[in-house]
Amino acid sequence: MDTAKAAYESVPYASHAFAQTHPRRLATIGRLFGLPAAPFSGCRVLELGCAAGGNLLPMALDNPSGQFVGVDLSGRSISEARAAARDMGLAKVELFEADIRDWLYAGPPFDYVIAHGLLSWIPAAAQQQLVALCQRHLGPHGIAYISYNTLPGWSLRGAIRDYLCYATAPPEIRAEPNSGGDNSGSGGGGAAVRAAREQLTLLTQAIAAQRAAPAVFVRAEVERLAGLSDDYLLHEFLASVNRPRYFHEFLDEARQHGLKFLGEAEYSWMTGADLPAESQAALRARSRDVEQFEQFLDFARWQMFRQTLLCRDTAPLQRDPPPDALFNLWYAAEMQAESPRQPLTSGESVTFQRPQSRLNTAVPVAKAALLPLAGTWPRWWPFERLLRAALQRLGITAPADMPAAALPLARELAEALRRAWGIALIEASVEPPPVAAEVGDRPLASAWARREAQRSGLVPNQSHAVRALNGFQRLVLAQLDGRQDGDDLLGWLEGVERQSRGQMALTDSRGQPVTDPSRIRAVLRETLDRTLGELRQLGFLASTVE
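Predicted, not measured: the structure shown is a model, and the values here were computed from it.

## Here's the deal with helix α6 (residues 154-168)
For step 1, the next point in the chain: Taking 1.5 Å as the rise per residue, α6 with 15 residues should run 21 Å; its terminal C-alpha atoms sit 21 Å apart, in good agreement.
For step 2, the next point in the chain: Those residues of α6 that sit buried are Trp 154, Arg 157, Gly 158, Ile 160, Arg 161, Leu 164, Cys 165 and Thr 168. In an axial view of α6, the angular spread of the buried residues amounts to 155°, which keeps them on one side of the axis.

Put into structure tokens, the structure is as follows:
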């Protein structure tokens, strides 16, 4: 068994959902730039390096009319994925244990090809084959998502990898120059990880008193690694292959296979909005095209990682989308707003913010639209409904049959939403995920989320984003099959509490322990209602019945 496969068999990569790979996200970027990407319903998806199906299978469950194919080198992971697919009754899923260098597929082309966490970590021949597979299996308007480690930023992280590979490699390997270590399978993956963590501790002690910039970075990186899982440390830092590349080098490889740059899965990465305005303008002025601008951004940010979208080189694109391209999207925002003290039509600015994103605006239509977004998460708003709500707040009337493009202030709102999306303040999608804005009488979570809640504290929500849940949230989530109302759930909770014999450690709204039997039902009701509200806020409640 080759060392790469041995490492994945001994310590499988944790298999999670990745929101940035979801076809809704990819289609949104495609449509923005003029590519008529396939809708999610009924689409065909191929995932290369699918692991145990944690990303692919919830998509398939959410799209029973689609077709889903997964390929992975690890037989252990594919066996787990097949078992999960059987448990979920997923008939339109094919899963292959194969090296992508040898994998052959004769089915129809795919609308979406996903390769997350694969390109940088496989041998050179397999890297070329991965890109070739994307070209071979993409439909005319298909989109390929490929993530990879990026220079110049990964050169810093790569130095830590070099240290760990050198320090943990057997002597006969260490003596060979430029061996890359190749120790991910030596002595078992678990042993390699334990040795690496010991070396990280020694490194931290050695540089504890140093104040130079490299030492500051190393301390921060070691602290980050201490909180990450063994599988990440093994496959990211101890694998025999980890080849970062410059963005322009990746695009050269893609062009050789008839593919071209579409965009990034994170729209905000493409805008340069995190840089000072004068720096953005200077970089744009020096860029001959969008691809060179992207490379300049990588240097300016010291970029470490990319999630690049490719399409066929024959696909027509509109590189400077007009405001009209924003008219057909849906919007949502998990942000806080500073309520205006003056009328919306005044010149007073309102601040909208979320972690690492902040927007001040005095534009009346922007304030009138962003305020309802801030107050209704996780509800998704189509552009026209959001615009009409804003116009009503501003006291502007418009005929009910007037199309969105003809409504007053439509272009102004589109530009405001583009700006907010460009700094990751709001989310935009070509179609909304099936997430409920209210708890409802009989709350429902997806079958996949209910399954994962019984297995892990990291669970994907209705937007395919993984959220960390506490024990009580997981306990309740696992019961939300859409058949039980609040009283049913409360009765079930009372039974759980009785069986626990006081081990549930109930607390009231003030955090005080509750042991009085006469208060337990009321506290359970209060805790249940609060938990359902939290699960709604976290996007776990579905808007449709299974």
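## Looking at the environment of Leu 61
For step 1, the next point in the chain: Within the fold, Leu 61 resides in helix α3 (residues 56-62).
For step 2, the next point in the chain: For Leu 61 and Ala 91, which are 30 residues apart along the polypeptide, the C-alpha to C-alpha distance reads 9.8 Å.
For step 3, the next point in the chain: Not counting residues up to four positions away in its chain, the partners in contact with Leu 61 are Met 88, Leu 90, Ala 447 and Trp 448.

## Re the pattern of salt bridges
For step 1, the next point in the chain: For the structure shown, the criterion picks out 26 salt bridges.
For step 2, the next point in the chain: The residue Arg 101 makes a salt bridge to Asp 99 at a minimum N-O spacing of 2.7 Å.
For step 3, the next point in the chain: The exposure class assigned to Asp 99 is buried, which follows from its relative accessible area of 17%.
For step 4, the next point in the chain: Among the ionic pairs, Arg 521 bridges to Glu 494, the shortest N-O distance being 2.7 Å. One end of the pair, Arg 521, is in helix α21 (residues 517-537); the other, Glu 494, is in helix α20 (residues 486-500), and 27 residues separate them in sequence.

## Digging into the nonpolar core
For step 1, the next point in the chain: One finds Leu 48, Leu 130, Tyr 331, Leu 373, Phe 383 and Ile 426 to be the most contacted residues of the largest nonpolar core, which totals 105 residues.
For step 2, the next point in the chain: Looking at this core, the element that brings in the most residues is helix α15 (residues 364-375), giving 7 residues.
For step 3, the next point in the chain: Residues within four places of Ile 426 in sequence aside, it is in contact with Tyr 331, Ala 332, Ala 333, Met 335, Leu 370, Leu 373, Leu 417, Ala 420 and Trp 421.
For step 4, the next point in the chain: If you look at the next biggest cluster of nonpolar residues, it comprises 24 residues, including Ala 436, Ala 453, Leu 489 and Leu 535.

## What to know about the pairing of strand β5 (residues 138-149)
For step 1, the next point in the chain: Of all 12 residues that make up β5, 10 are buried, and the element is covered over most of its length.
For step 2, the next point in the chain: For strand β4 (residues 110-115) and β5, the ladder comprises 5 bridges, and the chain directions are parallel. Each bridged residue has a counterpart across the sheet, and for Tyr 112 the counterpart in β5 is Ile 143.
For step 3, the next point in the chain: In the classification by handedness, the crossover that spans β4, the intervening helix α5 (residues 124-137) and the parallel β5 is right-handed.
For step 4, the next point in the chain: Relative to strand β7 (residues 305-312), β5 runs antiparallel, the two sharing 6 bridges. Paired with Tyr 145 across the bridge in β7 is Leu 309.

## So, the pairing of β4
For step 1, the next point in the chain: β4 sits mainly inside the fold: 5 of its 6 residues count as buried.
For step 2, the next point in the chain: In this sheet, β4 lies alongside strand β1 (residues 44-48) in parallel orientation, the contact comprising 3 bridges. Residue pairing across strands places Val 45 opposite Tyr 112, the latter belonging to β4.

## Regarding the packing of aromatic side chains
For step 1, the next point in the chain: Under the definition given, this model contains 11 aromatic pairs.
For step 2, the next point in the chain: Aromatic pair Phe 327 and Phe 383: ring centres 4.8 Å apart, planes at 25°, arrangement stacked. Remark: Phe 383 occurs in helix α16 (residues 383-393) and Phe 327 occurs in the loop between β7 and β8 (330-332); sequence separation between them is 56 residues. The pair formed by Phe 327 and Phe 383 is uniform in burial state, with each residue classed as buried.
For step 3, the next point in the chain: Ring-pair connections join several aromatic residues into one group, and the members of that group are Phe 96, Trp 103, Tyr 105 and Phe 110.

## Some points on the packing of helix α11 (residues 247-256) against helix α14 (residues 290-301)
For step 1, the next point in the chain: Orientation of α11 relative to α14, taken along the N-to-C sense of each, is 145°, at an axis distance of 9 Å. Contacts between α11 and α14 involve Phe 247, His 248, Leu 251 and Arg 255 from the first element and Glu 291, Glu 294, Gln 295 and Asp 298 from the second.
For step 2, the next point in the chain: A breakdown of the residues in the contact of α11 with α14 according to their chemical character gives 2 nonpolar, 2 polar and 4 charged.

Scoring rules and cut-offs
- Residues take numbers from 1 onward in each chain, read along the sequence in its written order.
- Totals for whole chains, interfaces and linings use all residues, but because this is a predicted model, local features are given only for residues with pLDDT of at least 70 and pairs of side-chain atoms are given and counted only at 80 or more.
- As a convention, hydrogens and water are excluded, and side-chain values are obtained from all of the structure's heavy atoms.
- For the purposes of this entry, the term helix denotes a DSSP run of H or I that reaches at least four residues, the term strand denotes a run of E that reaches at least two, and both are numbered from the N terminus.
- The length a helix should cover is 1.5 Å for every residue beyond the first.
- Buried, partly exposed and exposed residues are distinguished by accessible area as a fraction of the type maximum, computed with a 1.4 Å probe on protein chains only: under 20%, between the cut-offs, and over 50%, respectively.
- It is the directions from the helix axis to the C-beta atoms whose arc is reported.
- Contacts between residues were defined by any pair of non-hydrogen atoms, one from each residue, lying within 4.5 Å.
- Salt bridges, as used here, are contacts in which a Lys or Arg side-chain nitrogen is within 4 Å of a carboxyl oxygen on Asp or Glu.
- Put simply, buried Ala, Val, Leu, Ile, Met, Phe, Trp, Tyr and Cys residues joined by side-chain atoms within 4.5 Å make one nonpolar core.
- Here the rule is simple: two strands pair whenever DSSP picks up at least two bridges between them.
- With its strands directed away from the observer, a crossover is right-handed exactly when the path from the first strand over the helix to the second travels clockwise.
- Centre distance within 6.5 Å is the pairing criterion for rings of Phe, Tyr and Trp, where only the six-membered ring of Trp is used; planes under 30 degrees apart are then read as stacked, over 60 as edge-to-face, and the remainder as tilted.
- Think of each axis as a best-fit line through the C-alpha atoms, taken over the contacting stretch in the case of a helix, with angles from 0 to 180 degrees between the N-to-C directions.
- Ten residue types, Ala, Val, Leu, Ile, Met, Phe, Trp, Tyr, Cys and Pro, are classed as nonpolar, four, Asp, Glu, Lys and Arg, as charged, and the remainder, Gly among them, as polar.

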